[in-house]
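Examining the three-dimensional arrangement
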Amino acid sequence: MTAATLMHADTTLERAWTVLEAVPDPEIPVVSIRELGILRDVRRGADDAVEVVITPTYSGCPAMSQIAEDIGQALDAAGIVPHRIVTVLAPAWSTDWMTGEARDKLRRYGIAPPAGNCGSADAPQEKTIRFVPRAAARDKPACPQCGSVHTELLAQFGSTACKALYRCIDCREPFDYFKPY
């Protein structure tokens, strides 16, 4: 590649990142796929096409086809062609990949963000997942309405499989909790 081609490639990738910054999650439209950590990379493929790498919040996430369609429409509208969406499952997505901005937006939207982290506080990386019972009192999410940690689990699955349904005992409001994993 010539220097001009490399410069154009970098500009195209930067434009693609900017365009994709505005693609919302179809289930939680107040946060973008980048803020949730679903958008993993934007790179050039061997054939020079723009590749958008995404990881689902869990392997059976029904929103992934809609996310891929939304990405394609956003890139097409911006004239960024050719492009393709690459879905990767490893390493598995983690709530640690959510930005602080996403957590704040979830709270303002009425969804309790995941409490704590799962061990990958920095950049996404591979890790061992261990399935162990959680200490109930320590892991109760704070109510996004009033901030109380006096909450109770109503159902392990909320409006989507990646969320649980809780209720605040103090203000009595039900809320979704984005489960940490």
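In this numbering scheme, every chain counts its residues from 1 along its sequence in written order. Note on the predicted model: pLDDT of at least 70 is required for a residue's local features to be given, and 80 or more for side-chain atom pairs to be given and counted; whole-chain, interface and lining totals, by contrast, use all residues. Water and hydrogen atoms play no part in the side-chain values, which are based on all heavy atoms of the structure.

**With respect to the state of the cysteines**
Covalent bonding between the sulfur atoms of two cysteines is what defines a disulfide. Under the convention used in this document: Here, two cysteine sulfur atoms that lie within 2.5 Å of each other are counted as a disulfide.
If you walk through the whole model with that rule in mind, you get 0 disulfides. Summary of cysteine pairing: Cys61 is not part of a disulfide, and the nearest cysteine sulfur, belonging to Cys162, is at 6.5 Å. Not part of a disulfide, Cys168 finds its nearest cysteine sulfur in Cys146, a span of 3.6 Å.

**Description of the nonpolar core**
To keep it simple, the criterion reads: Throughout, nonpolar core names a set of buried Ala, Val, Leu, Ile, Met, Phe, Trp, Tyr and Cys residues whose side chains join them through atoms within 4.5 Å. When a residue's accessible area, from a 1.4 Å probe over protein chains only, is under 20% of the maximum for its type it is buried; when over 50% it is exposed; and in between it is partly exposed. Secondary structure is summarised from DSSP: a helix means a run of H or I of at least four residues, a strand means a run of E of at least two, and numbering begins at the N terminus for each. The contact criterion used throughout is that any non-hydrogen atoms of two residues lie within 4.5 Å.
Residues Leu20, Ile38, Val52, Ile54, Ile67, Ile71 and Phe178 are the most contacted members of the largest nonpolar core, which totals 30 residues. Elements represented by at least two residues in this core include exactly helix H1 (3–21), helix H2 (33–36), strand E1 (39–44), strand E2 (50–54), helix H3 (64–77) and helix H4 (100–109). At 5 residues, the largest contribution of residues to this core is made by H3. Not counting the four nearest positions on each side in its chain, Ile54 is found in contact with Ile38, Leu39, Arg40, Met64, Ile67, Ile71, Ile85, Val86, Thr87 and Val88. In this structure, Ala112, Cys143, Tyr166 and Tyr177 belong to the second largest nonpolar core, which totals 7 residues.

**As for the environment of Leu36**
Position of Leu36 relative to the elements: it lies in helix H2. The class for Leu36 is buried, based on a relative accessible area of 1%.

**Things to note about the packing of aromatic side chains**
Stated formally: Pairing of aromatic side chains here covers Phe, Tyr and the six-membered ring of Trp, requires ring centres within 6.5 Å, and sorts the geometry by plane angle: under 30 degrees stacked, over 60 edge-to-face, intermediate tilted.
Applying the stated criterion across every chain, the model contains 3 aromatic pairs. Centre to centre, the rings of Trp93 and Phe178 are 6.0 Å apart; their planes meet at 50°, and the pair counts as tilted. Taken together, the residues span a long stretch of sequence, with Trp93 in the loop between strand E3 (83–87) and H4 and Phe178 in strand E7 (residues 174–178) at a distance of 85 residues. Taken individually, Trp93 and Phe178 each receive the classification buried, so the pair is uniform in this respect.

**Some remarks on unusual backbone geometry**
Residue Pro82 is bonded to the preceding Val81 through a cis peptide linkage, with omega at -5°. Mapped onto the fold, Pro82 is located in the loop between H3 and E3. With omega at -5°, the peptide bond leading from Ala90 into Pro91 counts as cis. One can find Pro91 in the loop between E3 and H4.

**Digging into the sheet that holds strand E6 (residues 163–168)**
Definition in use: Between any two strands, at least two bridges found by DSSP are needed for them to pair.
Sheet architecture is open: 4 strands sit in the order E4-E7-E6-E5, paired in mixed fashion. Two strands bound the open sheet, and with one partner strand each, they are strand E4 (111–112) and strand E5 (151–155). Judged from the 5 bridges that link them, E6 and E7 form a sheet pairing that is antiparallel. Bridge pairing in E7 links Arg167 to Pro174.

**Some words on the confidence of the model for the chain**
How we decide: How sure the predictor is of each residue is captured by pLDDT, a score from 0 to 100.
When the pLDDT values of the chain are averaged, the result is 86; 82% of them are 70 or greater. Taken as a whole, residues 1–7 scores under 50 in pLDDT and shows 2 contacts with residues more than four places along the chain or in a different chain.

**Description of the pattern of salt bridges**
The criterion, for reference: A pairing counts as a salt bridge when a side-chain nitrogen of Lys or Arg comes within 4 Å of a carboxyl oxygen of Asp or Glu.
This model, assessed by the stated rule, comprises 10 salt bridges. Across the pair Arg34 and Glu21 runs a salt bridge whose closest N-O atoms are separated by 2.6 Å. Of the two residues, Arg34 is situated in helix H2 and Glu21 in helix H1; the sequence distance between them amounts to 13 residues. Between Asp48 and Arg44 there is a salt bridge whose closest N-O contact spans 3.8 Å. A relative accessible area of 32% places Asp48 in the partly exposed class. Exposure remark for Arg44: the relative accessible area of 24% places this residue in the partly exposed category. It is possible to trace a salt-bridge network through shared partners that takes in Glu21, Arg34, Glu35, Glu101 and Lys105.

**Details of the pairing of E7**
The buried fraction of E7 amounts to 4 of the 5 residues, a majority that puts the element mostly inside the structure. The pairing of E4 with E7 spans 2 bridges and is classified as parallel. Across the sheet, Ile111 pairs through a bridge with Asp176, a residue of E7. Connecting E6 to the next strand, E7, in antiparallel fashion are 5 residues, including Arg172 with a positive phi near 70°.

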